[in-house]
Amino acid sequence: MAEPVVPVCPPDRVATAATPAAATRRPVDGMFHSWDLSTGVDGPGTRFVAFLAGCPLSCLYCHNPDTRQMRDGRRASADAIVREAAKYVDFIRVSGGGATVSGGEPLLQPVLTGELLHRFKHELGLHTALDTSGFLGARATAAMLSDTDLVLLDIKSWDRVLYRHLTRQELDPTLHFARRLADLGKDVWVRFVLVPGLTDAEENLEGVAAFTASLGNVTRVDVLPFHKLGTEKWRALGLEFTLSDTPVPTCDQMASARAVFVAHGLQAL
């Protein structure tokens with residue numbers, strides 16, 4: 001499968017002293033895939049999760065391959081997405097939740113992502129989260145990050161050769177973005193998918209854990225088990241799921257992986 005072409009996007013909002021605290025309500029739209037309400041996996045509490053279409057990575061274990069291409073979405077305005085989220089604000093607030101912009105890769109559409117985060121935070125008064133691989137972290141403006149309370153950052157491997165094999169992209173942009181978030185003191189949850197025979201090597205786990213611990217701003221690590229729940233989506237798209245024979249990790253393997261992060265002083269779930 002060819003890698004998606006990363007489009008050239010117009011400049012995002014520029015933070016100035018004159019930037020109002022209230023939502024700007026700019027006429028912004030983009031390619032929107034879907035939305036969902038989730039609890040505990042996309043940030044704290046119950047959350048409205050907006051999934052944007054398009055991703056520059058081609059992860060071997062992707063469970064949402066139907067979000068990879070921009071054409072997989074439908075054009076929608078920030079107004080329409082925020083109106084949908086507004087229906088659930090009272091329910092979300094009771095749980096201490098918020099709103100998360102995910103994908104795909106939301107930073108493939110930084111203008112729409114920035115507008116959604118801004119309006120979720122300032123118009124709806126919700127805790128905000130950005131779910132990203134960090135590969136396009138350079139597209140996250142200072143204003144966008146100011147409107148982001150939490151970053152859910154996927155660090156898929158420490159081994160650069162393995163990272164390229166898993167994603168068809170390079171690891172360094174993610175590490176640069178992680179360090180930038182650390183310099184800002186931004187709250188980060190790191191996500192790491194445990195794939196037996198691929199990401200579970202001791203040196204790989206140690207590398208991710210040591211780097212994560214060095215940042216100083218990571219308040220939680222989610223060690224996620226590889227699963228095959230997206231297999232039917234791959235088939236429906238006419239794609240080969242090359243990890244179909246890979247076993248899911250056992251409870252003992254998950255516990256051992258989490259223990260590596262805990263040994264580095266991190267909270268691992």
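For clarity, every value in this text was computed on a predicted model and none was experimentally measured. (Residues numbered from 1 in each chain as written. Predicted model: local features only at pLDDT ≥ 70, side-chain atom pairs only at ≥ 80, totals over all residues. Heavy atoms only, no water.)

Topic: helix α7 (residues 202-215)
Over its 14 residues, α7 extends 20 Å from the first C-alpha to the last, a length consistent with the 20 Å expected when each residue adds 1.5 Å. Elements in contact with the buried residues of α7: α5 (160-167), α6 (172-184), β7 (187-194), β8 (218-225) and α9 (251-263). (Helix = DSSP H or I, 4+ residues; strand = E, 2+ residues; numbered from the N terminus. Expected span 1.5 Å × (residues − 1). Contact = heavy atoms within 4.5 Å.)

Things to note about the nonpolar core
Burial of nonpolar side chains together is a common tendency in soluble globular proteins. Judged by nonpolar contacts, the single largest core of 71 residues is most densely connected at Ile-81, Leu-116, Phe-120, Val-221, Val-223 and Phe-261. Residues contacting Phe-120, with those up to four places away along its chain left out, are Phe-48, Ile-81, Val-82, Ala-85, Ala-99, Val-101, Gly-125, Leu-126 and Thr-128. (Core = buried A, V, L, I, M, F, W, Y, C linked by side-chain atoms within 4.5 Å. Buried < 20%, exposed > 50% of the residue type's maximum accessible area, 1.4 Å probe, protein only.)

Side note on α9
End to end, α9 covers 18 Å across 13 residues, agreeing with the expected 18 Å (1.5 Å per residue, within 8%). Structurally, α9 contributes buried residues whose contacts are with β7, α7 and β8. The first or second residue beyond α9 is Gly-265, which carries a positive phi of 85 degrees.

Describing the packing of helix α1 (residues 78-86) against helix α3 (residues 110-122)
Viewed as axis vectors pointing N to C, α1 and α3 meet at an angle of 35 degrees, and their least axial separation amounts to 10 Å. Crossing hand, α1 versus α3: right-handed. Seen from α1, the contacting residues are Ala-78, Asp-79, Ile-81, Val-82 and Ala-85; seen from α3, they are Leu-112, Glu-115, Leu-116, Arg-119 and Phe-120. Residues belonging to the contact of α1 with α3 are distributed by class as follows: seven nonpolar, no polar and three charged. (Axes fitted to C-alpha atoms, helices over the stretch in contact; angles between N-to-C directions. Left-handed = near helix turned anticlockwise from the far one by under 90°. Nonpolar A, V, L, I, M, F, W, Y, C, P; charged D, E, K, R; others polar.)

As for the sheet that holds strand β5 (residues 127-132)
Taking strand neighbours across the sheet as the criterion, the eight strands line up as β3-β1-β2-β4-β5-β6-β7-β8 in an open arrangement whose pairing is mixed. A strand with exactly one partner marks an edge of an open sheet, and here the two such strands are β3 (74-77) and β8. Taken over all neighbouring pairs, the strand axes of this sheet differ in orientation by 30 degrees on average, direction set aside. With five bridges connecting them, strand β6 (residues 150-154) and β7 associate as parallel partners. Residue pairing in the sheet places Leu-152 in a bridge with Trp-189 of β7. Contacts from α1 reach β1 (29-39), β2 (46-52) and β3 within the one sheet, and its direction differs from that of β3 by about 75 degrees. Across the sheet, α9 touches β7 and β8, and the angle it forms with β8 is around 160 degrees. (Pairing = 2+ DSSP bridges.)

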